[in-house]
Amino acid sequence: MVKRGIVLVNLGSPDSTEVKDVRRYLNEFLMDERVIDKPWLLRALLVQGIIVPFRAPKSAEAYKTIWWKDGSPLIVLTKQLQEAVQKHFDEPVEIAMRYGSPSPKAAYDALLKRQPDLEEVIIFPLYPHYAMSSYETAVKYMYDTHKKYGYNFRLKHTAPYYNHPSYINALAESMKPYLGEAYDKILFSYHGIPGRHVIKTDTTGCHCLKVNDCCNIASKAHETCYRHQVFETTKLVAQKLNIPENKYEISFQSRLGKGWLEPFTDVRFQQMPGEGIKKLLVLCPAFVSDCLETLEEIAERGKEEFLHAGGEAYKMIPCMNVQQPWVDTVVELVRKEM
């Protein structure tokens, strides 16, 4: 039998809500060349000279509104997912964050402590969709750390699972309890990315955002196209739940600058009431664990924006977190790699 370990990889979080910890986290996050894909010197000037000094205090205040007694919601929920997944495996399961703690090295060392003759580690990115600023950078970071420290075990990683039946089922199950309520529209709010990232990850070099209706025309580019994959997730979930096309739409949140995928979530919050959409359900399928972008940006700030614009009822559907269908999905996809 191959001696294996499993690592669940998530985005990460500051160690606390103190400005110094938030500043350190934002510096690591935004200096990633796959997040802000500018030359290093320009990136450093933007991040360390402009963005972080102004953003860190505001982000620290935002984190304070959603911080739990046990710490960052994302970290707490990822640990809970680890515990739930571990119940299904004899192999050790650890977690790592792309930014902050625990690091990939900490995860690998913890696996070795539990399984000294480790031969193979399966990496499970907690990102359903491929994007260079999420899935790609997380996987690369895990491999770079493995190479840097000369670990003897080999690595494998799971592919994006945006259209996998088990993921679609888990997402649909997380929505079902909220669909009995009266609503005018369901908004699928995905994390935004710059359009140039879609073009950069196009392995064909000639399809994404270059061909009319590119997301609906079959292409090998779709294997690494975030835009196509979020459209596909939405379509499959809507079909599974029999949601009519006129009852849902897609938007993109958390933008940083110009040229990002549209429509923008915050803009739609302001527009929808004027279009007769008074009762709104919102979910964030790009996130499997609730975090700042769901709990503060959508559940708090988004609700305020929508109601202020004339909306009457607003509810955010929580992420899948540690719901059993999601745990079962993780277990199934990891077993597939074994």
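One can find the structure itself at the top, above this paragraph.
In short, a report on the structure. Because the structure is predicted, anything quoted here is derived from the model rather than measured.

### Here we look at the overall build of the protein
Looking only at helices and strands, one finds twelve helices and eight strands in the protein. A compact globule built from 338 residues would reach a C-alpha radius of gyration of about 20 Å, and the protein, at 20 Å, matches this within 12%. For the C-alpha atoms alone, the extent of the protein along its principal axes is close to 60 × 50 × 45 Å. When burial is assessed residue by residue, the protein has 56% of its 338 residues classed as buried. Intrachain contacts of the protein at a sequence separation of at least 6 include 72% that bridge at least 24 residues. For the protein, the accessible surface area stands at approximately 15300 Å², while carbon and sulfur atoms represent 51% of it.

### Considerations on the packing of aromatic side chains
Enumeration over the complete set of coordinates arrives at 16 aromatic pairs. Both rings, one in F188 and one in Y248, keep their centres 5.9 Å apart while their planes meet at 75°; by these two values the pair is edge-to-face. One end of the pair, F188, is in strand 5 (residues 185-191); the other, Y248, is in strand 6 (residues 248-253), with 60 residues separating them in the sequence. Across the pair, exposure class does not vary: F188 and Y248 are buried alike.

### Section: the sheet that holds strand 6
Strands sit in the order 6-5-7-8 across an open sheet of four strands; the sheet is parallel. Bordering the open sheet on either side are strand 6 and strand 8 (313-316), each of which pairs with just one other strand. Averaged over neighbouring strand pairs, the angle between their axes works out to 25° when direction is ignored. With six bridges connecting them, strand 5 and strand 6 associate as parallel partners.

### Observations concerning the pattern of salt bridges
Enumeration according to the criterion identifies 23 salt bridges in this entry. Among the ionic pairs, E249 bridges to K185, the shortest N-O distance being 3.8 Å. Of this pair, E249 sits in strand 6 while K185 is found in strand 5, placing the two residues 64 residues apart along the sequence. The class for E249 is buried, based on a relative accessible area of 16%. Salt bridges sharing partners connect three or more residues here, namely D15, K20, D21 and R24.

### Structural notes on a nonpolar patch on the surface
Residues W40, L41 and L45 make up a contiguous nonpolar surface patch of about 370 Å² in total accessible area. Note that L41 resides in helix 2 (residues 40-66).

### Examining the side chain of T294
Within the secondary structure layout, T294 lies in helix 10 (residues 292-295). Within polar-contact distance, the side chain of T294 engages the side chain of D290 at 2.8 Å. Setting aside its immediate chain neighbours within four residues, T294 contacts C284, F287, A299, M316 and C319.

### Remarks on unusual backbone geometry
Put simply, S101 and P102 share a cis peptide bond, and its omega is -5°. Residue position: P102 is located in the loop between strand 2 (93-99) and helix 4 (104-114). Cis geometry is adopted by the peptide bond preceding P263, which originates at E262 and carries an omega value of 0°. The topology assignment puts P263 in the loop between strand 6 and helix 9 (265-271). At L209, a position not held by glycine, the phi torsion is positive, near 60°. Along the chain, L209 turns up in the loop between helix 7 (195-200) and helix 8 (226-240).

### A short note on the side chain of K185
The class of K185 is buried, set by a relative accessible area of 13%. Ignoring anything within four residues of it in the chain, the contact list for K185 reads N246, K247, Y248, E249, M272, I277, K279, L280 and L281.

### Examining the sheet that holds strand 2
If you trace the four strands from one edge of the open sheet to the other, you get 2-1-3-4, paired in parallel fashion. The open sheet has two edge strands, strand 2 and strand 4 (154-157), and neither has a second partner. Here the strands of the sheet are splayed against their neighbours by 30° on average, with no regard to which way each runs. Two strands pair when backbone bridges link them, and strand 1 (residues 4-12) and strand 2 are joined in this way by six bridges, in the parallel orientation.

### Topic: the pairing of strand 1
In regular strands, side chains alternate between the two faces of the sheet. Counting buried residues along strand 1, nine of its nine residues qualify, which places the element largely inside the surrounding structure. Sheet topology note: the strand 1/strand 3 (residues 120-125) ladder contains six bridges and is parallel. When the sheet's bridge partners are listed, L8 is paired in strand 3 with F124.

### Quick word on the packing of helix 6 (residues 165-175) against helix 12 (residues 324-337)
The contact between helix 6 and helix 12 brings their axes to 8 Å, and the two run at 170°. Taken together, the axis directions place helix 6 and helix 12 in an arrangement best described as roughly antiparallel. Across the interface between the two elements, S166, Y167, N169, A170 and E173 from helix 6 touch P325, W326, T329 and E332 from helix 12. Residues belonging to the contact of helix 6 with helix 12 are distributed by class as follows: four nonpolar, three polar and two charged.

How each quantity is defined
Residues numbered from 1 in each chain as written. Predicted model: local features only at pLDDT ≥ 70, side-chain atom pairs only at ≥ 80, totals over all residues. Heavy atoms only, no water. Helix = DSSP H or I, 4+ residues; strand = E, 2+ residues; numbered from the N terminus. Rg over C-alpha atoms; globule rule 2.2 N^0.38 Å. Buried < 20%, exposed > 50% of the residue type's maximum accessible area, 1.4 Å probe, protein only. Contact = heavy atoms within 4.5 Å. Areas by Shrake-Rupley, 256 points an atom, 1.4 Å probe, with all protein chains shown as cover. Phe/Tyr/Trp six-rings, centres within 6.5 Å; stacked < 30°, edge-to-face > 60°. Pairing = 2+ DSSP bridges. Axes fitted to C-alpha atoms, helices over the stretch in contact; angles between N-to-C directions. Salt bridge = Lys/Arg side-chain N within 4 Å of Asp/Glu carboxyl O. Patch = residues over 30% accessible without salt bridge, like charges linked within 9 Å, V, L, I, M, F, W, Y side chains within 5 Å. Polar contact = N/O pair within 3.5 Å; in protein donor to acceptor, adjacent residues only side chain to side chain. Parallel < 35°, antiparallel > 145°, perpendicular 65-115°, else oblique. Nonpolar A, V, L, I, M, F, W, Y, C, P; charged D, E, K, R; others polar.

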